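# Structural characterization, general
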Amino acid sequence: MPITPERPDEVSSGLTDVGYLPDDATALVAFLAIKLGKPILVEGPAGVGKTQLAKSLAETLGRELVRLQCYEGLDEAKALYEWNYRKQLLRIQAEAQDTGWQEVQDDIFGEDFLLERPLMTAIASPDPVVLLIDEIDKTDQEFEAMLLELLSDFQISIPELGRIEASTMPLVLLTSNNSRELTEALKRRCLYLWIDYPSLEHELEIVRLHAPELDAKIARRMVEVVAMVRDLDLKKPPSIAESIDWARALLLLGATDIDSKTFNETMSIIVKHRTDIDIVAERVGVKLDGPEDGASAAAS
Amino acid sequence: MPPPPDRRPSREASRRAALFSEPLDNPLDAGLTAHLVEFGEELRGEGVALGTSELLDAFSALPEVAWNEPTLFRETLAATLAKSPEDRAIFDLVFERFFFRATELAALTTGIGEAGSGSGDGEGGPEIDVDALREQIARAIAEQNESALRDLARLAIAAFAQPGEGSGVLGVDVQRIRRSLGLRTDPQGDVPQDDPRAEGLPRDGIRRFEQLLRQELERQQIERTSSLPAARPLHELDRALPSGPLQDLASVHRVVTQLKRRLKTQGQEHRGHRRHAQVDIRRTMRASLQTGGVPITLRYRPVRPRRPELFVICDVSTSVTSASVFFLSVMHALHDSFRKMRSFVFIERVSEVTEVFERERDFKAVSEAIARDAGVADISGYTDYGRVWGELLEQIQDELHPRATVIVLGDARTNGRAPGADLFAQIAARAGRTYWLNPEPRLYWNYGDSVIDTYAQYCEAYECWTTAQLENFVKVLTAPEATRP
């Protein structure tokens, strides 16, 4: 059952219930988007939970999630709709010779022969949905221009069928890794949300939410180490999902402390490039205690 | 100092009139509306591209939240007005400045003052326990407790800043208070173990505290003099190239990866419109399978961006070091965009450093290696352009050809020595394109010993002291050939 929140903290608590801990800005922008019916443009480094935000919002609002993954060369046929050529051909061939053109045309350009793609699905859905347009910065500018029309009017015109208008307002999230500048026109239509890596305390909360059995002391140490690793010049800094994975791995291994031995053994969970591993081992590994030392304040 | 932003009062007035005539069906009173419009104007003045629709968004968003709460109000405005991380940074600065000034102005006009503020015997009674205050502030900084910091800033001023003894320059007073509080980032030994100072305080926290101190001092000054000082435009340095010794490689690489990915996707608009696009037969045939073998959709070969051969020649004398090291590292990070690239550094002599950059990833190692091995300084350590061009011409003249691009980074300050423009002209004539990047603002060009115009007649000169300018230049450099005249 779709829910409409009345205050920003309702969004916040709703998201927390489904396992997503938003910061204040995130909850507020999500709330405004629902209230004003405006799309949200979410930007931030990779792995801070931009996509997860959409999923969690869909879950907490009780809406279906429609996802459009963008890539270079994505075109309208893959995003909006496409005629099912094969089925149309079969239909024409199966028809007896004497059917008139008009009849065939009426028939093969019917909804039976239409392949719905994500944008179309989101617009035509009778219930409000959450539409996630993921990594919009990967598409071409032409596609962005097409999207503009959709985002302002929420309608699609198909020449053979007529116009399809949205009966309900979808909540639209666009994510971008900021790899190219989006057009001003698109930005103007959206609310803007920048998600950065969470602060130490915030990430600790997230980890504790997802791995509650992990000892509080280890969790804090782990988050501190992750923050240290992110400060280095890496090809791919560890994402939040990876620090959760790491927490779970530590739990499975029954680690009592993050010493240099445990770190070197489990480092591959958060660092995934060979050159990165070298850098991390060199810079962070040495700062940790040897296995026999107790847990003193090594991570400063 | 950049010229103050153009205010254009007539346009501003008409814009405001348009907004007021807009039927706003929310209970915002005209006072706040006017303030917000002014705030929008100020953002525009600082270079944020702000449309009327965005302001209207802000107006329609505010009634939805309890906007009398400071953070909600601020975040709501940010979400509707600032649409990129850069804009957000400017937004935060302007927000702080604008609403601080607006509040103070209102306080002045309505005649609200604070009894006893600014005089030494403030809220903490005649004697403030200085040691306890130090510890409290350190703790608040470590915990990043914003509201506590705000209160403590006032106490600190009451304890350490005697009115009348202020230096008159806020920055000096702030630093003096910071020193007497003993706020340092390095660990301090002579405090108890659980004190946050034992491990050193976070740099950001200290900076935030300094900001609050400055704000509070400014507030007291306004109250004393009963007048608002002129608004300072944002310092251009807030947006300048990352430079200086604090700059670590990680943040430079972050800038560079952004740049690289942006460049990769840029220029697509050019690629599609080339007049003689070639049909890609293989992909067209593949696409035609969907339509029963009829090639309805044509597929074209993409136009590849140009990959020029580069010769980068960089001044590394002390006056331009930070810019040049950054620039060289950007060029090397963009290595795969170019077919071949050679780098040289020079002060009095020229020396090739291509290998150093290929081998070393660390900024410090690179600059050390250059300082140790390059041998570019001879006697005086001042740039000698004439000699450099001669040596360079000798080294690379056989390799220059019309497809090569030469980029010079330097401030063109000759220290009174011969510019050697004829030699530079020979280099420029042999190369296909020659660019000069000057890390000084255009305002300073040709002043003093700068002879940039002598060189500019043989090459295209660009000013390059912000990331945006650099990005723009790299765009020019890698643009596909078809788009160039």
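From a predicted model like this one, the values you see are computed outputs, not experimental measurements.

## Remarks on the overall build of chain A
- The helix and strand tally for chain A stands at 14 helices and nine strands.
- Every one of the 300 residues in chain A was classed for burial, and the buried ones make up 36%.
- Here the contacts in chain A between residues at least 6 apart in sequence split such that 77% fall between residues at least 24 apart.

## A short note on the overall build of chain B
- Across its full length, chain B carries 19 helices and six strands.
- Expressed as a percentage of contacts within chain B between residues at least 6 apart in sequence, the contacts between residues at least 24 apart total 71%.

## What to know about the nonpolar core
- One finds A:Val29, A:Ile40, A:Val130, A:Leu193 and A:Met222 to be the most contacted residues of the largest nonpolar core, which totals 96 residues.
- If you tally residues by element for this core, the top one is helix 2 (residues 24-36) of chain A, at nine residues.
- Setting aside residues up to four positions removed in sequence, A:Val29 forms contacts with A:Ile40, A:Leu191, A:Leu193 and B:Ala79.

## A few points about the sheet that holds strand 4 (residues 404-409) of chain B
Residues and elements named next belong to chain B.
- What the six strands build is an open sheet, ordered 3-2-1-4-5-6; its pairing is mixed. The sheet is open, and its two borders are formed by strand 3 (350-352) and strand 6 (460-463), each paired with just one other strand. The sheet shows a mean angle of 20 degrees between the axes of neighbouring strands, direction not considered.
- Looking at chain direction, strand 5 (residues 433-438) and strand 6 are connected through four bridges and run parallel. Within strand 6, the position partnered with Leu437 by the bridge is Tyr462.
- Helix 16 (residues 385-396) contacts strand 1 (309-315), strand 2 (340-346) and strand 3 of the sheet and is inclined by roughly 35 degrees relative to strand 3.

## Section: the sheet that holds strand 9 (residues 191-194) of chain A
All names here are of chain A.
- Here five strands make up an open sheet; going across it, the order is 2-5-8-1-9 and the pairing parallel. Edge positions in the sheet fall to strand 2 (64-69) and strand 9, since each has one partner strand and no second. In this sheet, adjacent strand axes meet at a mean angle of 20 degrees when their direction is disregarded.
- In the packing of helix 2 onto the sheet, contacts are made with strand 1 (40-43), strand 8 (171-176) and strand 9, and the angle to strand 9 comes to roughly 160 degrees.

## What to know about the pairing of strand 8 of chain A
Residues and elements named next belong to chain A.
- Burial of strand 8 is extensive: six of the six residues sit out of reach of the surface.
- Side-chain alternation along strand 8 places Leu171, Leu173 and Thr175 on one buried face and Val172, Leu174 and Ser176 on a second face that is also buried.
- Relative to strand 8, strand 1 is paired through four bridges, and the arrangement is parallel. The residue bridging Glu43 from the neighbouring strand is Ser176, located in strand 8.
- In terms of strand pairing, strand 5 (residues 129-134) meets strand 8 through four bridges, oriented parallel. Bridging from a neighbouring strand, Val130 pairs with Leu171 of strand 8.

## Concerning the pairing of strand 2 of chain B
- Counting buried positions along strand 2 of chain B gives five out of seven residues, so the element sits mostly inside the fold.
- Where strand 2 of chain B hands over to strand 3 of chain B, the hairpin turn is made up of three residues, counted between the paired strands.

## Comments concerning the confidence of the model for chain A
Residues and elements named next belong to chain A.
- Considering every residue of chain A, the mean pLDDT works out to 83; 94% of them sit at 70 or more.
- Within chain A, the lowest mean pLDDT, 77, falls on helix 6 (residues 101-108), and the highest, 93, falls on strand 5.
- Counting contacts from residues 292-300, a segment whose pLDDT is below 50, to residues more than four positions away or on other chains yields 14 contacts.

## Quick word on the packing of helix 10 (residues 200-210) of chain A against helix 11 (residues 216-231) of chain A
Residue and element names in this part refer to chain A.
- Between helix 10 and helix 11, whose axes approach to 9 Å, the crossing angle comes to 125 degrees. As the angle between them shows, helix 10 and helix 11 are arranged oblique. Considering the relative orientation of helix 10 and helix 11, their crossing is right-handed. Contact residues: helix 10 offers Leu200, Glu203, Leu204, Val207 and Arg208, while helix 11 offers Ala219, Arg220, Met222, Val223, Glu224 and Ala227.
- For the contact of helix 10 with helix 11, the residue count by class is seven nonpolar, no polar and four charged.

## Notes on the environment of A:Val66
All names here are of chain A.
- Assignment of secondary structure puts Val66 in strand 2.
- We classify Val66 as buried; it has 22 C-beta atoms within 10 Å.
- Not counting residues within four places of it along the chain, the set of residues in contact with Val66 comprises Pro118, Thr121, Ala122, Val129 and Leu131.

## A word on unusual backbone geometry
- A positive phi angle is found at A:Phe154, which is not glycine, with a value near 50 degrees.
- Structurally, A:Phe154 can be placed in the loop between helix 8 (141-153) and strand 6 (155-158).
- In this structure, B:Asn415 is a non-glycine residue whose phi angle is positive, near 55 degrees.
- Within the element layout of this structure, B:Asn415 appears in the loop between strand 4 and helix 17 (421-430).
- C-beta crowding within 10 Å serves as the criterion here: with 15 such atoms nearby, B:Asn415 is assigned to the partly exposed category.

## Observations regarding the packing of helix 6 (residues 130-143) of chain B against helix 7 (residues 146-160) of chain B
All names here are of chain B.
- Their axes nearest at 10 Å, the elements helix 6 and helix 7 cross at an angle of 150 degrees. Classified by the angle their axes make, helix 6 and helix 7 are roughly antiparallel. Of the two elements, helix 6 crosses helix 7, and the hand of that crossing is left-handed. Along the contact surface, helix 6 presents Val130, Leu133, Gln136, Ile137, Ala140 and Ile141, while helix 7 presents Ala148, Leu149, Leu152, Leu155, Ala156 and Ala159.

## Digging into the environment of B:Glu143
Residue and element names in this part refer to chain B.
- Assignment of secondary structure puts Glu143 in helix 6.
- With 13 C-beta atoms packed within 10 Å, Glu143 lands in the partly exposed category.
- Sequence-wise, Glu143 and Gly205 are 62 residues apart; in three dimensions their C-alpha atoms are separated by 8.6 Å.

## Structural notes on the environment of A:Gly47
Residue and element names in this part refer to chain A.
- Tracing the chain through its elements places Gly47 in the loop between strand 1 and helix 3 (50-61).
- The spatial distance from the C-alpha of Gly47 to the C-alpha of Pro237 is 8.5 Å, given a sequence separation of 190 residues.
- Those residues in contact with Gly47 that sit more than four places away from it in its chain are Ser239, Ile240, Ala241 and Glu242.

## Describing the confidence of the model for chain B
All names here are of chain B.
- Mean pLDDT over chain B works out to 71, with 60% of the residues at or above the 70 mark.
- Overall, residues 115-126 carries pLDDT values under 50, and its contacts beyond four positions in sequence, including any with other chains, amount to 18 contacts.
- The low-confidence segment residues 236-248 (pLDDT under 50) makes 21 contacts with residues lying over four places distant or belonging to another chain.
- Interface predicted TM-score (ipTM) for the complex: 0.80; the corresponding pTM is 0.64.

Criteria and cut-off values
- Residues numbered from 1 in each chain as written.
- Chains lettered and ligands numbered in written order.
- Predicted model: local features only at pLDDT ≥ 70, side-chain atom pairs only at ≥ 80, totals over all residues.
- Helix = DSSP H or I, 4+ residues; strand = E, 2+ residues; numbered from the N terminus.
- Buried ≥ 20, exposed ≤ 12 C-beta atoms within 10 Å, placed from the backbone.
- Contact = placed C-beta atoms within 7 Å.
- Core = buried A, V, L, I, M, F, W, Y, C linked by C-beta atoms within 7 Å.
- Pairing = 2+ DSSP bridges.
- Axes fitted to C-alpha atoms, helices over the stretch in contact; angles between N-to-C directions.
- pLDDT = per-residue confidence, 0-100.
- Parallel < 35°, antiparallel > 145°, perpendicular 65-115°, else oblique.
- Left-handed = near helix turned anticlockwise from the far one by under 90°.
- Nonpolar A, V, L, I, M, F, W, Y, C, P; charged D, E, K, R; others polar.

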